[in-house]
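Coordinates in review
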Amino acid sequence: AADSGAFGVRVVADWPWNGTATLLNLGLIEAYAGPSANQAIGAGAASGPGLDNAIIVNDGVIRAISDASSTYSQATGAGGARIVNTGTIEAISTGEAWGVEIAMYGSLDNSGFIYAEGATPEYARGIVGVRILQGSRTTIDNSGTIHAVSNTAIDSVGITMFRDSTNHYAFGRVNNSGTIVADIAVQAY
């Protein structure tokens, strides 16, 4: 049976979500999921619904590598409610790769480098630099570089935003003064 994968570091705001949790990375955090695993997550931060009290501050390197031989392989560099990146966040996978994954109402302030590289994703938005799960009140400020590379016929996407309701105006905001390198720069759906 396949192993569930590898997790570098995870911080969780205290229940009932009135505490705070901060991960400050000045070095290297790496999660490697080998051939018998299915996913690697470099760093994660969990907070309560609608809160941003779990924070990842990265001035180093956060890396997730998934080298699974199974049909499902996923790497996520960093995921959480609020991420500040002045360093490097990477996700490299034989399948799906998400450089950064933001939860609902979260935020990303990137002046560093975010990189995602994948090969055989399970679905069309599987190779993404920054993936927004629920877009309402989510803010992305990018003055750095977001780079997504697809090693397959499926397009890579710099930033994806998924709306969390039937309201077509429920999306968050992307402020980009940096560089986005991907087959599709920004995609809202």
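Residues numbered from 1 in each chain as written. Predicted model: local features only at pLDDT ≥ 70, side-chain atom pairs only at ≥ 80, totals over all residues. Heavy atoms only, no water.

1. Some points on the sheet that holds strand β16 (residues 179-181)
Threshold: When DSSP finds two or more bridges between a pair of strands, those strands are recorded as paired. Each helix is a run of DSSP H or I of at least 4 residues and each strand a run of E of at least 2, with the numbering of both proceeding from the N terminus. To get an axis, a line is fitted to the C-alpha atoms, and for a helix only the part in contact is used. The angle between two axes follows their N-to-C directions and goes from 0 to 180 degrees.
Judged by pairing direction, the sheet is parallel, and its six strands sit side by side in the order β3-β6-β8-β10-β13-β16 without closing on themselves. The sheet is open, and its two borders are formed by β3 (28-33) and β16, each paired with just one other strand. Taken pair by pair, the neighbouring strands of this sheet meet at an average axis angle of 5°, ignoring direction.

2. What to know about the pairing of strand β14 (residues 157-161)
Heads up, the rule is: Relative accessibility under 20% of the residue-type maximum defines a buried residue, over 50% an exposed one, and the middle range a partly exposed one, all with a 1.4 Å probe and only protein chains included.
For β14, the tally of buried residues reaches five of five residues, placing the bulk of the element in the interior. As paired strands, strand β11 (residues 127-132) and β14 are joined by four bridges and run parallel to one another. When the bridges of β14 are listed, Val130 appears paired with Ile159. Relative to strand β17 (residues 184-188), β14 runs parallel, the two sharing four bridges. Paired with Met161 across the bridge in β17 is Ala188.

3. Describing the confidence of the model for the protein chain
Regions with low pLDDT carry predicted coordinates that are not meant to be interpreted in detail. To keep it simple, the criterion reads: pLDDT measures the predictor's confidence residue by residue and takes values from 0 up to 100.
For the protein chain, per-residue confidence averages 81 on the pLDDT scale, and 80% of positions sit at 70 or higher. Between the elements of the protein chain, mean pLDDT differs from a low of 77, seen in strand β1 (residues 6-12), to a high of 98, seen in β16.

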